[in-house]
Amino acid sequence: MEQRHLGRTGLRVSRTGLGTMTWGRDTDEQDAADQMKAFLDAGGNLVDTADVYADGEAEYLLGRLLDGYVPRSEVVIATKAASVPYSERRFDGSRSHLLQALDASLGRLGTDHVDLWQLHAYDPATPLDETLHALELAVSSGRARYVGVSNFCGWQLAKAATWQLVAPGRVVIASAQMEYSLLQRGIEREVLPAAVDLGVGLLPWSPLGRGVLTGKYRHGMPADSRGASADMGPFVAAYLDADSRRIVDAVATAADGLGAAPIEVALSWVRDRPGVVAPIVGARNSGQLRASLAAEGLTLPTEIRNALDDVSAPLTGYPDHDWSQA
């Protein structure tokens, strides 16, 4: 698998990342081990998790796989902090919370450092300079090698990345993990231009449109799908409207013409967008993961890429477009 630099850093990661949101909940240890083996065999190295996935069980499970099953040096571990489940305060970006969360993550992962530590979301209740100081302390103490953000809007990303750039020696924001797919191109309005300008690498989450771009919902609701589950149903339902169906049909048509699967077309499109480093793909089992990894061999022809761009183009206008070019 091809590797790419994460933003303007020396860290090289596989251009597809392995997500673990289902680990410890829908994916047991054997399935997780099978996924890890398939991913590493394909040349992948970036594995993304978070302290709140399955209430910490995803990190525990990953840690067990790193304990003798997978050499630590072969894996780029990315995790996230700031989420506060079961609380009125959804996100806590205070230095105290973040550093405690990092220590807890390291304990569950069974390692002395993570390669990429990310803020899961912006916390408006904490001064940004305090939040960013926690990132500085994580790197200076050796507990994290690189840092990034997730789910920041355009001005939040620009403010954070610029703050880190204004003083020589501060650790740069290497990445921004954002939802991005043919069904969700909202980041192209503000976040993506800011990331490209500031040298921040994009790590798209849910690059398959919450599973809808695989085409599994074109002719109904599979009983064993996320869309049919009580907890994930509303998450999937957001992309089952008429506009989404039109895009999914276009992906299926392109796949038929290329002799590929819709999942390969959808992943190839987002993987090769400007500014993107590595889409994060999640799967319940190794079979689903292998279907995603098959996209490594596909590069979309220009005419098909342009057609998918057109059918999925987000609505833009003032001030989203570049006024100087209007």
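Our structure's up above, just so we're on the same page.
Each chain has its residues counted from 1, following the order in which its sequence is written. Restriction of local features to residues with pLDDT of at least 70 applies here, the model being predicted, together with a cutoff of 80 or more for giving and counting side-chain atom pairs; totals for whole chains, interfaces and linings are based on all residues. Based on all heavy atoms of the structure, the side-chain values leave hydrogens and waters out of the count.

The salt bridge criterion pairs a side-chain nitrogen of Lys or Arg with a carboxyl oxygen of Asp or Glu, the two atoms within 4 Å. For the structure on display, the rule yields 23 salt bridges. Residues joined in a network through salt bridges with shared partners are E2, R4, R15, R271, D272, E296 and R305.

Moving on, we come to helix α11 (residues 302–312). Of the residues making up α11, those classed as buried are I304, R305, L308, D309 and S312. Across the axial projection of α11, the buried residues extend over an arc of 140 degrees, all falling on one side. Among the exposed residues of α11, those oriented more than 90 degrees off its buried face are T302, E303 and D310. Looking at the buried residues of α11, the elements they touch are α8 (242–258) and α9 (262–271). Each residue's exposure class comes from its accessible area (1.4 Å probe, protein chains only) as a fraction of the maximum for that residue type: buried when under 20%, exposed when over 50%, partly exposed otherwise. We count a stretch as a helix when DSSP gives it H or I for four or more residues in a row; a strand needs E for two or more, and each element gets its number in order from the N terminus. Of all possible arcs, the one meant is that of the directions from the helix axis to the C-beta atoms. Any two residues whose heavy atoms approach within 4.5 Å are treated as being in contact.

Here V265 lies in helix α9. Residue classification places V265 among the buried positions, given a relative accessible area of 0%. In sequence terms V265 and S292 are 27 residues apart; their C-alpha atoms lie 9.8 Å from each other. When neighbours within four sequence positions are excluded, V265 is seen to be in contact with V251, A254, A255, L258, L298, L300 and L308.

On to the packing of aromatic side chains. Any Phe, Tyr or Trp ring, taking Trp's six-membered ring, that has another such ring centre within 6.5 Å forms a pair; planes under 30 degrees apart are called stacked, those over 60 apart edge-to-face, and the others tilted. The tally for this structure, following the rule as stated, stands at three aromatic pairs. Note on Y122 and F152: the rings are 5.5 Å apart at their centroids and 85 degrees apart in plane angle, and the pair reads as edge-to-face. Highlighted residues: Y122 in the loop between β6 (114–119) and α4 (128–140) and F152 in the loop between β7 (144–150) and α5 (154–166), separated in sequence by 30 residues. What links up through ring pairs into an aromatic cluster is the set Y122, F152 and W155.

A few words now on unusual backbone geometry. Cis geometry is found at the peptide bond from Y318 to P319, where omega equals 0 degrees. Mapped onto the elements, P319 comes out in the segment after α11. Non-glycine residue D55 carries a positive phi angle of around 55 degrees. Within the element layout of this structure, D55 appears in the loop between β4 (46–48) and α2 (57–66). Taking relative accessible area as the criterion, D55 reaches 53% and is therefore assigned exposed. With a phi angle near 50 degrees, S206 is a residue other than glycine that sits in the positive phi range. Assignment of secondary structure puts S206 in the loop between β9 (201–205) and α7 (233–237).

It is worth spelling out the nonpolar core at this point. As used here, the term nonpolar core means buried Ala, Val, Leu, Ile, Met, Phe, Trp, Tyr and Cys residues forming a set that is joined through side-chain atoms within 4.5 Å. Counting residues in each nonpolar core, the largest one holds 85 residues, and the members touching the most others are W23, W117 and L157. With sequence-adjacent residues up to four places away left out, W23 is seen in contact with L18, A32, Q35, M36, A54, E57, A58, L61, L62 and L65. One finds L11, V76, A78 and L203 within the second-largest nonpolar core, a separate group that totals twelve residues.

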